[in-house]
Amino acid sequence: MWIGWIEFDILLGDVQSLKEKRSVIRPLLADIKRRYDVSVAEVGDHDQYRRSQVGAGLVAADRAHLVEVLDAVERFVAGRPEIELLSARQRDHHSED
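Throughout this description, residue numbers start from 1 for each chain and increase along the sequence as written. Restriction of local features to residues with pLDDT of at least 70 applies here, the model being predicted, together with a cutoff of 80 or more for giving and counting side-chain atom pairs; totals for whole chains, interfaces and linings are based on all residues. The basis for every side-chain value is the complete set of non-hydrogen atoms in the structure, without hydrogens or water.

Trainee: So what about the overall build of the chain? Which residues, and what values?
Mentor: Going along the chain from the N terminus, every DSSP run of H or I of four or more residues is numbered as a helix, and every run of E of two or more is numbered as a strand. On a plain count of helices and strands, the chain comes out with two helices and four strands. Start at the N end of the chain and walk to the C end: the helices and strands fall as β-α-β-β-α-β. Each radius of gyration is computed over the set of C-alpha atoms, and the globule rule expresses the reference value as 2.2 Å times the number of residues to the power 0.38. Here the chain has a C-alpha radius of gyration of 14 Å; the compact-globule value for 97 residues is 13 Å, and the two agree. For the chain, the C-alpha atoms occupy an extent of roughly 45 × 20 × 20 Å along the three principal directions. Contacts spanning at least 24 positions in sequence make up 70% of the contacts within the chain whose residues lie at least 6 apart. In short, Shrake-Rupley with a 1.4 Å probe defines the accessible areas, and a residue's cover is counted only from the protein chains shown. Here the chain has roughly 5,800 Å² of accessible surface; of this, 49% comes from carbon and sulfur atoms. A positive count includes Lys and Arg, and a negative count includes Asp and Glu. His and the chain ends are not counted in either. By convention, the charge on Lys lies at NZ, on Arg at CZ, on Asp at CG and on Glu at CD. Taking the average place of the 14 positive charges on the side chains of the chain and the average place of its 18 negative ones, the gap between the two points comes to 6 Å. We call two residues contacting when some pair of their heavy atoms lies within 4.5 Å.

Below, the structure written as structure tokens:
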């Protein structure tokens, strides 16, 4: 069994409040979950309205599938025009590690 996750450091565009931040982050999280069937959440920078840390994770039978899905999630997030992806960190582990 393979366990993998990816963390994103995101800069939001023209956002002036935490309410506006939620209006950008919630649809992003919902789109990632619906499209890639992964667990996803905002995991940091909760009190900063122009920054966000988002994480996604999944469990897969083989590493190739895991990497394929996480790479697709990264491309999806990077392609969103309303945000700027500052960095992405991806990790995976086998259950016997």
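Trainee: If you had to explain the side chain of Asp9 to someone new, which residues and values would you point to?
Mentor: Here Asp9 is to be found in strand S1 (residues 2-12). In this structure Asp9 comes out as buried when scored by relative accessible area, which is 11%. We call two N or O atoms a polar contact when they sit within 3.5 Å, provided that within protein one can donate a hydrogen and the other can accept it, with sequence-adjacent residues counted only if both atoms are side-chain atoms. Within the local environment of Asp9, its side chain forms a polar contact with the side chain of Gln53, the two groups lying 3.0 Å apart. Apart from residues lying up to four places away in sequence, Asp9 is in contact with Asp45, Arg51, Ser52, Gln53, Glu84, Leu85, Leu86 and Ser87. Exposure categories follow from relative accessible area, calculated using a 1.4 Å probe and restricted to protein chains: below 20% of the type maximum is buried, above 50% is exposed, and the middle band is partly exposed.

Trainee: Tell me about helix H1 (residues 18-36), and please be specific about residues and values.
Mentor: Helix span, as expected, comes to 1.5 Å for every residue beyond the first. Its 19 residues give H1 an end-to-end C-alpha distance of 26 Å, which sits within 8% of 27 Å, the value for a rise of 1.5 Å per residue. Those residues of H1 not exposed but buried are Lys21, Val24, Ile25, Leu28, Leu29, Asp31, Ile32 and Tyr36. For H1, the buried positions fall inside an angular range of 165 degrees around the axis, keeping them on one side. With respect to the buried face of H1, the exposed residues turned more than 90 degrees away are Lys19, Arg26 and Arg34. The arc refers to the directions leading from the helix axis to the C-beta atoms.

Trainee: Which residues make up the packing of H1 against helix H2 (residues 63-78), and what values do they have?
Mentor: The packing of two helices is summarised by the inter-axis angle and the distance between the axes. To get an axis, fit a line to the C-alpha atoms, keeping to the stretch in contact for a helix; angles then go from 0 to 180 degrees between the N-to-C directions. The contact between H1 and H2 brings their axes to 11 Å, and the two run at 145 degrees. The two elements H1 and H2 meet at a crossing, and its hand is right-handed. Residue-level inspection shows Leu28, Asp31, Ile32, Arg35 and Tyr36 of H1 in contact with H2, the latter providing Val69, Ala72, Val73, Phe76 and Val77. Gly is placed with the polar residues, together with every amino acid not listed as nonpolar (Ala, Val, Leu, Ile, Met, Phe, Trp, Tyr, Cys and Pro) or charged (Asp, Glu, Lys and Arg). Of the residues contributing to the contact of H1 with H2, the split by class is eight nonpolar, no polar and two charged. Crossing chirality is assigned from the near helix's rotation relative to the far helix, an anticlockwise turn below a right angle marking it left-handed and a clockwise turn marking it right-handed.

Trainee: Could you give me a rundown of the packing of aromatic side chains, with the residues and numbers involved?
Mentor: Between the rings of Phe, Tyr and Trp (Trp by its six-membered ring), a pair exists once the centres lie within 6.5 Å; its type follows the angle of the planes, with under 30 degrees stacked, over 60 edge-to-face, and the other angles tilted. Summed over all chains, the structure comprises one aromatic pair. A centroid spacing of 5.8 Å and a plane angle of 65 degrees characterise the contact between Tyr36 and Phe76, whose relative ring orientation is edge-to-face. With Tyr36 in helix H1 and Phe76 in helix H2, this residue pair connects regions lying 40 residues apart in the sequence. Residue class for Phe76 comes out buried when judged on its relative accessible area of 14%.

Structural measurements only, silent on function.
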